[in-house]
Amino acid sequence: QVQLVESGGGLVQVGGSLRLSCAASGRTFSTYTMGWFRQAPGKEREFVATISGAGGTTYYGDSVKGRFTISRDNAKNTMYLQMNSLKPEDTAVYYCAARTSYFSSASKDRYDYWGQGTQVTVST
């Protein structure tokens, strides 16, 4: 089992940047495919990005492609989400998730562990 804790959220102006972190417990972090999802009020939880266990394969949702970068440091048991050129529509609670599979997935139903979320608010 793995426990996930997000940090780095906050209030930022349009066009600004934030870096989210997801710290994981346990000694097998590198075996998990990791992902970021987000959920705005009244909306479904949306796929943002995913990264393979070794970090060599990444996929992004269409709405963040070219602006967000997912990465991980397995030595630190931590995953990151660098968010640039932020827009008001990026406002949401951001969740990190872990999947006990080598295969990437954009489906929230295929992830086994979730963090508590961190709020990102982009103001105009």
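Throughout this description, residue numbers start from 1 for each chain and increase along the sequence as written. For a predicted model such as this one, the threshold for reporting local features is a pLDDT of at least 70, and the threshold for listing and counting side-chain atom pairs is 80 or more; totals across whole chains, interfaces and linings nevertheless cover every residue. Side-chain metrics rest on all non-hydrogen atoms present in the structure, leaving aside hydrogens and water.

(A) How the structure looks around the state of the cysteines. We call a pair of cysteine sulfur atoms a disulfide whenever their separation is within 2.5 Å. All chains considered together, the criterion is met by one disulfide. Covalently, Cys22 is tied to Cys96 through a disulfide, its sulfur atoms 2.1 Å apart. Linking Cys22 and Cys96, the disulfide has an S-S dihedral of approximately 55° and is accordingly described as right-handed. Within this pair, whereas Cys22 is found in strand E3 (residues 18-24), its partner Cys96 is found in strand E9 (residues 92-99), the two being separated by 74 residues in sequence. Only protein chains enter the accessibility calculation, which uses a 1.4 Å probe. A residue is then buried if its area is under 20% of the maximum for its type, exposed if over 50%, and partly exposed in between. For Cys22, a relative accessible area of 0% corresponds to the buried category. Numbering of helices and strands runs from the N terminus; a helix is a DSSP stretch of H or I covering at least four residues, while a strand is a stretch of E covering at least two.

(B) The arrangement of the pattern of salt bridges in detail. We define a salt bridge as a contact between a side-chain nitrogen of Lys or Arg and a carboxyl oxygen of Asp or Glu at a distance within 4 Å. Applying the stated criterion across every chain, the model contains five salt bridges. Here Glu46 ties to Arg38 by a salt bridge, and the two come within 2.8 Å at their closest N and O atoms. What emerges from the salt-bridge pattern is a single network uniting Arg38, Glu46, Arg67 and Asp90.

(C) Quick peek at the packing of aromatic side chains. Aromatic pairs are defined between Phe, Tyr and Trp rings, using the six-membered ring for Trp, whenever the two ring centres lie within 6.5 Å; interplanar angles under 30 degrees are classed as stacked, those over 60 as edge-to-face, and all others as tilted. Summed over all chains, the structure comprises six aromatic pairs. Between Phe37 and Tyr111 the ring centres are 5.1 Å apart and the planes differ by 75°, which places this aromatic pair in the edge-to-face class. Placement of the pair is Phe37 in strand E4 (residues 33-39) and Tyr111 in the loop between E9 and strand E10 (113-114), with a sequence separation of 74 residues. According to the relative accessible area criterion, Phe37 is buried, its value standing at 0%. Classification of Tyr111 by relative accessible area gives buried; the value is 5%. Between Tyr95 and Trp114 the ring centres are 6.5 Å apart and the planes differ by 80°, which places this aromatic pair in the edge-to-face class. Taken together, the residues Tyr95 in strand E9 and Trp114 in strand E10 connect sequence positions 19 residues apart. Residue Tyr95 is classed as buried on the basis of its relative accessible area of 14%. A residue is classified by how much of its surface remains accessible, and Trp114, at 28% relative accessible area, is partly exposed. Three or more aromatic residues joined by ring pairs make a cluster, and in this case those are Phe37, Phe47, Tyr95, Tyr111 and Trp114. Sitting over the face of the ring of Tyr95, Arg45 holds its NZ or CZ atom 3.7 Å from the ring centroid. Throughout this description, the term charge over a ring refers to an Arg CZ or Lys NZ atom that lies within 6 Å of the ring centre and within 35 degrees of the ring normal. We note Arg72 situated over the ring of Phe29; from NZ or CZ to the ring centre the distance is 4.4 Å.

From the geometry alone we can't say anything about function, so treat these as descriptive.
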